[in-house]
Amino acid sequence: MLDIVTTTAAEAAKKSGDMIAAKHNNIHDTSLFERWGNIRRVPIEAQVPYMADGAEIMEPRPMPDFHALMNVATGALINTRPIGKSYALVPHDKLFAEQARQLGGSDLPTDNVTVLDRIYHHGKRVHRTVIFDDLDHVVTNRGGEQDRVRCRMDIFNSVDLSWAFQVFSGAYRDLCRNTLVFGGEKSYHQRKVHRGTLSPEAMIAKATNGLEMWHGQRDTMDRWRQTSLTERQFADILKETICYKKTAAADNDERLAVNERRLNWLIERFREERPELGETMWAAYNALTHYATHLPMTQQRNSNREMTQTKRNGEVRAVIASPSWQYLEGVAA
């Protein structure tokens, strides 16, 4: 009997200039990033001079508000300026492990995929493309001709402020980082700088949901994309559903029946979706998806995380099934 020999992406990697790349067929194989893109924060110190007995002495002083970046797999320090506390570092290996987890749990066909992994400039920047070979789509190209392309998802990330975190999804042949796609159409594009409310988990979830809708519920997706929903209308729906508080105090004062903190957070997510999606039901749906998958206060693998996500998914389904949401969807039908 012959032994089956498998080769990891890291073992099959090829180097060209300042790029290390691998082509493979396993979304769960993140070995390229574990080997050459395993970037973490490390403490740094400043060498501060002072005089002692007429001689200048250099004293190391910790800089707790800043960090250097280190590839812990190779032991190499990344040649970049110090990053501050507000910088949302997204380690490449953890990022693509999370993407694999979400894709593996989705309805997308992941047994027949083409994966292109690329690392640039010693781990400063990365790009992963997942092409779903079983999901093809006919689009009209720039010349007006019919073009059959495969659905895909592209993620760009950096650790040195050179690239924003970006996720593309859709049916297209090629793309560039300025949001243009060639020979096809993107279903969703997200771009977020590495600060503040950056949530890679939520952005990947929205891209995954977009591809699922594209493939299996295109009519619903198109209807939501074309149906106007103002911020005020969205707020009213939220007040009746996910942001409604039923308490004894609220029974006596309707102003107390609203979870204002959650309402404000969801409205802010809706505003973030508007530049790409407009004031539409699709923008509102993606704001809700962000809520369901943005779990910063829970651990990656503990039961609390799973319980919280299950609870939030149920809350989002309740919004979609509410009379107000169903009414708007019915008007658009």
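Residues numbered from 1 in each chain as written. Predicted model: local features only at pLDDT ≥ 70, side-chain atom pairs only at ≥ 80, totals over all residues. Heavy atoms only, no water.

Draft legend 1. Just the pattern of salt bridges, in detail. Evaluation of the coordinates by the stated rule reveals 21 salt bridges. Two residues, Lys206 and Glu273, come together in a salt bridge whose shortest N-O distance is 2.6 Å. Within this pair, whereas Lys206 is found in helix H4 (residues 200-216), its partner Glu273 is found in helix H8 (residues 260-277), the two being separated by 67 residues in sequence. Between Arg271 and Glu268 there is a salt bridge, with its nearest N and O atoms 3.8 Å apart. Of the two residues, Arg271 and Glu268 both sit in helix H8, three residues apart, roughly one turn of that helix. Residue classification places Arg271 among the partly exposed residues on the basis of a relative accessible area of 37%. Each of the salt bridges in this network shares a partner with another, and the network as a whole consists of Glu231, Glu268, Arg271, Arg274 and Glu279. (Salt bridge = Lys/Arg side-chain N within 4 Å of Asp/Glu carboxyl O. Helix = DSSP H or I, 4+ residues; strand = E, 2+ residues; numbered from the N terminus. Buried < 20%, exposed > 50% of the residue type's maximum accessible area, 1.4 Å probe, protein only.)

Draft legend 2. Helix H5 (residues 218-226), seen in detail. Taken together, the buried positions of H5 are occupied by Thr220, Met221 and Trp224. Projected down its long axis, H5 carries its buried residues within an arc of 100 degrees, all on one side. Relative to its buried face, H5 has exposed residues pointing more than 90 degrees away, namely Asp219 and Gln226. (Arc of directions from axis to C-beta.)

Draft legend 3. View of the pairing of strand E4 (residues 55-71). As defined by bridge partners, strand E3 (residues 39-52) adjoins E4 across 13 bridges and the pair is classed as antiparallel. Note that in E4 the partner of Ala46 across the bridge is Arg61. Counted between consecutive antiparallel strands, the loop separating E3 from E4 contains two residues, among which Asp53 sits at a positive phi close to 55 degrees. With two bridges joining them, E4 and strand E6 (residues 83-84) adopt antiparallel strand pairing. (Pairing = 2+ DSSP bridges.)

Draft legend 4. Layout of the packing of helix H6 (residues 231-240) against H8. Closest axis-to-axis distance for the H6/H8 pair is 10 Å, and the angle between their directions is 145 degrees. Here H6 and H8 pass one another in a crossing that is right-handed. Together, Glu231, Phe234, Ala235, Leu238 and Lys239 of H6 and Leu263, Leu266, Ile267, Phe270, Arg271 and Arg274 of H8 make up the contact between the two elements. Across the contact of H6 with H8, the residue classes break down as seven nonpolar, no polar and four charged. (Axes fitted to C-alpha atoms, helices over the stretch in contact; angles between N-to-C directions. Left-handed = near helix turned anticlockwise from the far one by under 90°. Contact = heavy atoms within 4.5 Å. Nonpolar A, V, L, I, M, F, W, Y, C, P; charged D, E, K, R; others polar.)

Draft legend 5. Broad picture of the side chain of Glu315. In this fold, Glu315 is placed in helix H10 (residues 303-320). Of note is the side chain of Glu315, whose polar atom sits 2.8 Å from the side chain of Lys311. (Polar contact = N/O pair within 3.5 Å; in protein donor to acceptor, adjacent residues only side chain to side chain.)

Draft legend 6. Highlighting the confidence of the model for the protein chain. A residue-level look at the protein chain finds 91% of positions with pLDDT of 70 or above and a mean pLDDT of 87. For the protein chain, the element scoring lowest by mean pLDDT is helix H7 (residues 248-252), at 57; strand E7 (residues 113-120) scores highest, at 96. (pLDDT = per-residue confidence, 0-100.)

Draft legend 7. Fine view of the nonpolar core. In this structure, Phe234, Leu238, Leu288 and Trp325 are the most contacted members of the largest nonpolar core, which totals 65 residues. Ranked by residues supplied to this core, first place goes to helix H9 (residues 281-293) with nine residues. Here Trp325 is in contact with Trp224, Leu229, Ile237, Met281, Ala284, Tyr285, Leu288, Val319 and Ile320, once residues within four sequence places are set aside. (Core = buried A, V, L, I, M, F, W, Y, C linked by side-chain atoms within 4.5 Å.)

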